Amino acid sequence: MWARALRVRFRTPLDRGRGFASKAGPQEKVQETGQGTHSPRLALQGADRVPAAKIEHLERLALVNFGSREAVARLEKAIAFADQLHAVDTDGVEPLESVLEDRCLYLRSDNVAEGNCTEELLRNSHHVVEEYFVAPPGNISLPDMVNKTPSPTAE
Amino acid sequence: MAASVLRLIYPGRRWALAWIDGGSRQRSGTQTGPASNWARGQSSVAQLSLHTAQKPRKGEHKWAAVVGLEIHVQISSNSKLFSGAQVCFAAPPNSLVSFFDASLPGTLPVLNRRCVEAAVMTGLALNCHINKKSSFDRKHYFYADLPAGYQITQQRLPIAANGHLTYSVYMGKKRSQMATKTVRIKQIQLEQDSGKSLHDDLRSQTLIDLNRAGVGLLEVVLEPDLCCGEEAAIAVRELQMILQALGTSQANMAEGQLRVDANISVHHPGEPLGVRTEVKNLNSLRFLAKAIDYEIQRQITELESGGEILNETRSFDYKLGCTVPMRDKEGKQDYRFMPEPNLPPLVLYDATSLPADADSQQVVNIDELRDMLPELPSTTRERLVEQYGILPEHSFTLLNEVGLLEFFQSVIKETRAEPKKVTNWVLNTLLYYLKQQNLAVSESPVTPAALAELLDLLDSKAISSSAAKQVFEELWKGDGKTAAQIVSEQQLELMQDREALEQLCQATMDSHPQVVMDVRNRNPKAINKLIGLVRRASLSRADPTLIKEILEKKLSL
């Protein structure tokens, strides 16, 4: 991850030196951000607006309520920010999966050493029944879905 | 892909397997006698299709079904895959949860060596290639019983791949027709189990128990080489026995230690495969077979009436005996797979690659594990056939029923009776009684020692075989009496006194002159009637061959 992040930072000025037009592919348009950072800003075609149906679907899957136009705009900004990664040319580069890649994976012997902390764990939950965490009804089968829209919870 | 043509279309080729439902601990349904419900279920399917087979419409194509399975197996270990919390079924809610299992910030996964070994052993037993380097990935989805929002699994580079599982089916009514079949295994991957959700529809809330969250699973992915529910059930049963022999999983379906998802499609042979549906969470062999056969039939009916099959997830409603659409899957679910950054690749060694200075606690040696593999079910069966001269199908039954093989071997050890006699008593009498009362072998009121004693009495001709049945029935009542005590109390021993028997024969002949006349007139059935009369007079304590001998002598035949 580090290596890739560095590439993004260092490549951009080089590219700029060579000129955008030659490098930018058909869908990617690297622009100056004007925000005082060196990271490129990428505008993917059609990715700047998230359709209402998609928002609804995400809300249902994640049991979150975006709540306002403002929150949706924030989501769109976040997507656009992440989409910048597409600007990086990774052809022929073996992905780095972990900075620990060359380390041995430590193996633990099969002993019970943890658990028995129900009370502590449940203290994190603001809604508890007996020793259970309580969650709003999630992905329930289709026929039941009609009357039940998940209540807004986590933001 | 060699998918054989759907069996439902050939009602004549019913698969008659001496099948005894694997989960004898499951007390579902009413089972009477050794013929299982399942066999009956199959015959009703066969009858159904008889109807269509008798009047084939012109130009009608045959359908072939293609079935692939994904099997989740809970690894038998003390602690979880990545945490030191205990693994135990039915513990108080959230008592077996570490901070990592609850996905608290700052916690990291630490791999359990036992789970790696279990995966390697299972891979070896299923003829897989073991990858010396495998890696972990995150599979993301939102579900309340998955607190991290992702499951750690092995999507790109699993621990084992390209194996096969061999299983046997009996075809036709003649047991001699035995077919060995193979299903390819695509891969075996290590992954975490999720927690459990209890849905409280009344209050519209879900209760979450994370005890199961993070328990080590083996996901065994089979290639779509199966063609019907029964075949799938037999393959899964074989896998279950292999896992139990290895000890890598208890594989008890009733406790969710073995769960099956089935991918099913139908097509015309020679044409591209049809759209498939996935039936999730099948947790008994009977339901597995039923669900698959139902789904195959549903797809055929749907397609023949001009409908189309949607690529959807369905669940099996065991009360209605049908599959229903399950989860909202509009649009393809994107699991956003990514490498697990907190776990470096898992490296395994063999004798050649083992570094000299390796810490033995940190090394999993494939060759060492291969040498430690126990005897697998297929080998056990071969050994039984060879060692005791029993029929192959009997060896299947002995292994199919939990604990039956151990029972059988204990009896063999303690009795002088021949293995064939023991097989007969264990498979027919004992199993019949067990099935009638829905008991597991371990719950049998007749112990192996008691049966061995009974068979000794029978073997030494101290009692007749019908008396032995009587003794067995007494033993079954379980009042703590030994076979010998029952024999002497009920005077069941065979009459050893030839003189007394001769007198009895004479008395019977005297009181039944008509039968004696018939015998003298060469009526072939008459002698048997006379033998029967003497036996009854002896209260079944006389040996029929001896009676026959005496009678023949007396009648000078």
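Residues numbered from 1 in each chain as written. Chains lettered and ligands numbered in written order. Predicted model: local features only at pLDDT ≥ 70, side-chain atom pairs only at ≥ 80, totals over all residues. Heavy atoms only, no water.

- Labelled according to an unreviewed UniProt entry, chain B appears under the name Glutamyl-tRNA(Gln) amidotransferase subunit B, mitochondrial, originating from Mesocricetus auratus.
- One UniProt comment on chain B, placed under Subunit (unreviewed entry), says "Subunit of the heterotrimeric GatCAB amidotransferase (AdT) complex, composed of A (QRSL1), B (GATB) and C (GATC) subunits."
- UniProt, in its Subcellular location (unreviewed entry) section for chain B, records the words "Mitochondrion". (UniProt positions renumbered as here; feature names shortened; annotations may be inferred.)

- If you check an unreviewed UniProt entry, chain A appears there as Glutamyl-tRNA(Gln) amidotransferase subunit C, mitochondrial from Mesocricetus auratus.
- A UniProt comment under Catalytic activity (unreviewed entry) is attached to chain A, and it reads "L-glutamyl-tRNA(Gln) + L-glutamine + ATP + H2O = L-glutaminyl-tRNA(Gln) + L-glutamate + ADP + phosphate + H(+)".
- Its UniProt record, at the heading Subunit (unreviewed entry), says of chain A: "Subunit of the heterotrimeric GatCAB amidotransferase (AdT) complex, composed of A (QRSL1), B (GATB) and C (GATC) subunits."

## Re the pattern of salt bridges
All names here are of chain B.
At step 1: Evaluation of the coordinates by the stated rule reveals 25 salt bridges over all chains.
At step 2: With a shortest N-O distance of 3.3 Å, Arg314 and Glu295 are connected by a salt bridge. In this pair, Arg314 sits in strand 14 (residues 313-317) while Glu295 sits in helix 4 (residues 285-304), placing the two residues 19 residues apart along the sequence. With respect to class, Arg314 is no different from Glu295; both count as buried.
At step 3: Residue Glu375 pairs with Arg383 through a salt bridge whose shortest N-O separation is 3.0 Å.
At step 4: On the basis of relative accessible area, Glu375 is assigned to the partly exposed category, the value being 35%.
At step 5: Salt bridges here are not isolated pairs; linked through shared partners, they connect Glu295, Arg298, Glu312 and Arg314. (Salt bridge = Lys/Arg side-chain N within 4 Å of Asp/Glu carboxyl O. Helix = DSSP H or I, 4+ residues; strand = E, 2+ residues; numbered from the N terminus. Buried < 20%, exposed > 50% of the residue type's maximum accessible area, 1.4 Å probe, protein only.)

## Digging into the pairing of strand 13 (residues 277-282) of chain B
Residue and element names in this part refer to chain B.
At step 1: In the sheet, strand 12 (residues 258-267) pairs with strand 13 via four bridges, with the strands oriented antiparallel. Looking at strand 13, one finds that Ile264 is bridged to Thr277.
At step 2: Looking at chain direction, strand 13 and strand 14 are connected through three bridges and run parallel. When the sheet's bridge partners are listed, Lys280 is paired in strand 14 with Ser315.
At step 3: At this point the chain moves from strand 13, through helix 4, to the parallel strand 14, and the crossover so formed is left-handed. (Pairing = 2+ DSSP bridges. Right-handed = clockwise from strand over helix to strand, strands pointing away.)

## Overview of the domain arrangement of chain B
At step 1: By domain assignment, chain B separates into domain 1 (66-347), domain 2 (390-488) and domain 3 (498-554).
At step 2: Each of domain 2 of chain B and domain 3 of chain B has a C-alpha centre, and these two points are 31 Å apart. (Domains from an automatic or database assignment.)

## As for the interface of chain A and chain B
At step 1: Taken residue by residue, the interface counts 43 residues in chain A and 54 residues in chain B.
At step 2: Regarding the contact of chain A and chain B, the summed buried area is about 4200 Å², with carbon and sulfur atoms giving 59% of it.
At step 3: Considering only the side of chain A, the residues that lose the most area to chain B are Leu105, Leu107 and Arg108 of chain A, jointly responsible for 18% of the buried surface there.
At step 4: The tally of links from chain A across to chain B stands at zero salt bridges.
At step 5: Across the contact surface, chain A and chain B share 17 residue pairs in polar contact (both at pLDDT 80 or more).
At step 6: Looking at the side of chain A that touches chain B, the elements with two or more residues in it are helix 3 (52-62), strand 3 (107-108), helix 5 (118-122) and strand 5 (132-135) of chain A.
At step 7: Among the residues forming the side of chain A that touches chain B, the class breakdown is 21 nonpolar, 12 polar and 10 charged. (Contact = heavy atoms within 4.5 Å. Buried area = accessible area lost by both parts, 1.4 Å probe. Polar contact = N/O pair within 3.5 Å; in protein donor to acceptor, adjacent residues only side chain to side chain. Nonpolar A, V, L, I, M, F, W, Y, C, P; charged D, E, K, R; others polar.)

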